[in-house]
Amino acid sequence: QPVVLVLHGINNHANFGYMKSLMREFSNRGWVAAGMNYRGCGGIPLETPRSYTGAYTGDLREVVHYISGRLATTKTTTSTTTLTTNPSLFLVGNSIGANIMTKYLGEEGFSGSLPACLAGGVSLGNPLTMNTSNVKFPMGHVLGL
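Residues numbered from 1 in each chain as written. Predicted model: local features only at pLDDT ≥ 70, side-chain atom pairs only at ≥ 80, totals over all residues. Heavy atoms only, no water.

Please provide a residue-by-residue account of empty space enclosed by the protein, values included.
If you walk through the whole model with that rule in mind, you get 1 cavity of 30 Å³ or more. Considered as a void within the structure, the largest cavity measures approximately 70 Å³ in volume. Lining the largest cavity are Leu7, Met36, Tyr38, Tyr52, Thr53, Tyr56, Asp59, Leu60 and Ile100. (1 Å grid on protein atoms, 1.4 Å probe; cavity = no way out; pocket = protein on both sides within 12 Å on 5 of 7 lines; lining within 4 Å. Points joined across faces, edges and corners; volume = space filled by probe spheres on them.)

Could you give an account of the pattern of salt bridges, naming the residues involved and the relevant values?
Evaluated as defined, the whole model comprises 5 salt bridges. Here Asp59 makes a salt bridge to Arg39, at a shortest N to O gap of 2.6 Å. Note that Asp59 is positioned in helix H2 (residues 58-71) and Arg39 in the loop between strand E2 (32-36) and H2, a separation of 20 residues in sequence. With relative accessibility at 19%, the residue Asp59 sits in the buried group. Each of Arg61, Lys103, Glu107 and Glu108 takes part in salt bridges that share partners, so that together they form one network. (Salt bridge = Lys/Arg side-chain N within 4 Å of Asp/Glu carboxyl O. Helix = DSSP H or I, 4+ residues; strand = E, 2+ residues; numbered from the N terminus. Buried < 20%, exposed > 50% of the residue type's maximum accessible area, 1.4 Å probe, protein only.)

Go over the pairing of E2, please, and point to the residues and values.
By the bridge criterion, 5 bridges tie strand E1 (residues 3-7) to E2 in an arrangement that is parallel. Considered in E2, the bridge of Val6 is made with Gly35. Crossover handedness for the path E1 to helix H1 (residues 17-28) to E2: right-handed. (Pairing = 2+ DSSP bridges. Right-handed = clockwise from strand over helix to strand, strands pointing away.)

How would you explain the pairing of E1 if you had to name every residue and give the values?
Judged by how many residues are buried, E1 sits mostly within the fold: 5 of 5 residues are covered. Neither face of E1 is open: one carries Val3, Leu5 and Leu7, the other Val4 and Val6, and all of them are buried. Here E1 runs beside strand E5 (residues 89-94); their pairing, made up of 5 bridges, is parallel. In the sheet register, Val3 faces E5, and the bridge partner there is Leu89.

I'd like to hear about the packing of H2 against helix H3 (residues 96-111), residue by residue, with values.
Packing of H2 against H3 leaves a shortest axis separation of 10 Å and a crossing angle of 70 degrees. Between H2 and H3, the angle is such that the two are roughly perpendicular. Between H2 and H3, the contacting residues are Leu60, Arg61 and Val64 on the first element and Ile100, Met101, Tyr104, Glu107 and Glu108 on the second. For the contact of H2 with H3, a count of residues per class yields 5 nonpolar, no polar and 3 charged. (Axes fitted to C-alpha atoms, helices over the stretch in contact; angles between N-to-C directions. Parallel < 35°, antiparallel > 145°, perpendicular 65-115°, else oblique. Contact = heavy atoms within 4.5 Å. Nonpolar A, V, L, I, M, F, W, Y, C, P; charged D, E, K, R; others polar.)

Go over the packing of aromatic side chains with me, naming the residues and quoting the values.
One pair of aromatic rings is described through two measures. These are the centre distance and the angle between the planes. Inspection of every chain in the model, using the stated rule, returns 4 aromatic pairs. Relative to Tyr18, the ring of Phe16 has its centre 6.4 Å away and its plane inclined at 65 degrees; by these criteria the two rings are edge-to-face. For Tyr18, a relative accessible area of 30% puts it in the partly exposed group. Ring geometry for Phe26 versus Trp31: centroids 5.3 Å apart, planes at 40 degrees, classification tilted. Accessibility expressed as a relative area gives 24% for Trp31, which makes it partly exposed. In textbook terms, an aromatic cluster arises when at least three aromatic residues are bridged by ring pairs, as seen for Phe26, Trp31 and Phe90. In this arrangement the basic side chain of Arg50 is found over the ring face of Tyr56, its NZ or CZ atom lying 3.9 Å from the centre. (Phe/Tyr/Trp six-rings, centres within 6.5 Å; stacked < 30°, edge-to-face > 60°. Lys NZ or Arg CZ within 6 Å of the ring centre and 35° of its normal.)

Here's what the structure looks like:
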């Protein structure tokens, strides 16, 4: 069954109503749905010097790598082990999560390192025009500008 990872918007977390609604809808259709909280979000204390920004894709990269490893299944025959087809992984990003997701897909696609199981992504409400001339302190730092 397919897996979907849903990314939240700025000042939100995976327990917000729209996140739960999206994940519930995917689950009702037979998918495995999970929400990703960014560093310091969802009531989890920030334990690293780095917070999340709209430009940092390292955390998403780690989560996708972890999930793709979990999706890899093995089938043992008499003397060899062969990989079977992985279930598909999809990403859904909301607002700043859409920005992080599309940046990640662009970076990994350009370098040719997208996991084989990653089948696609959906960008919802992506803030396409983020720059320092229209975003003032401190939000510019949160967005990674």
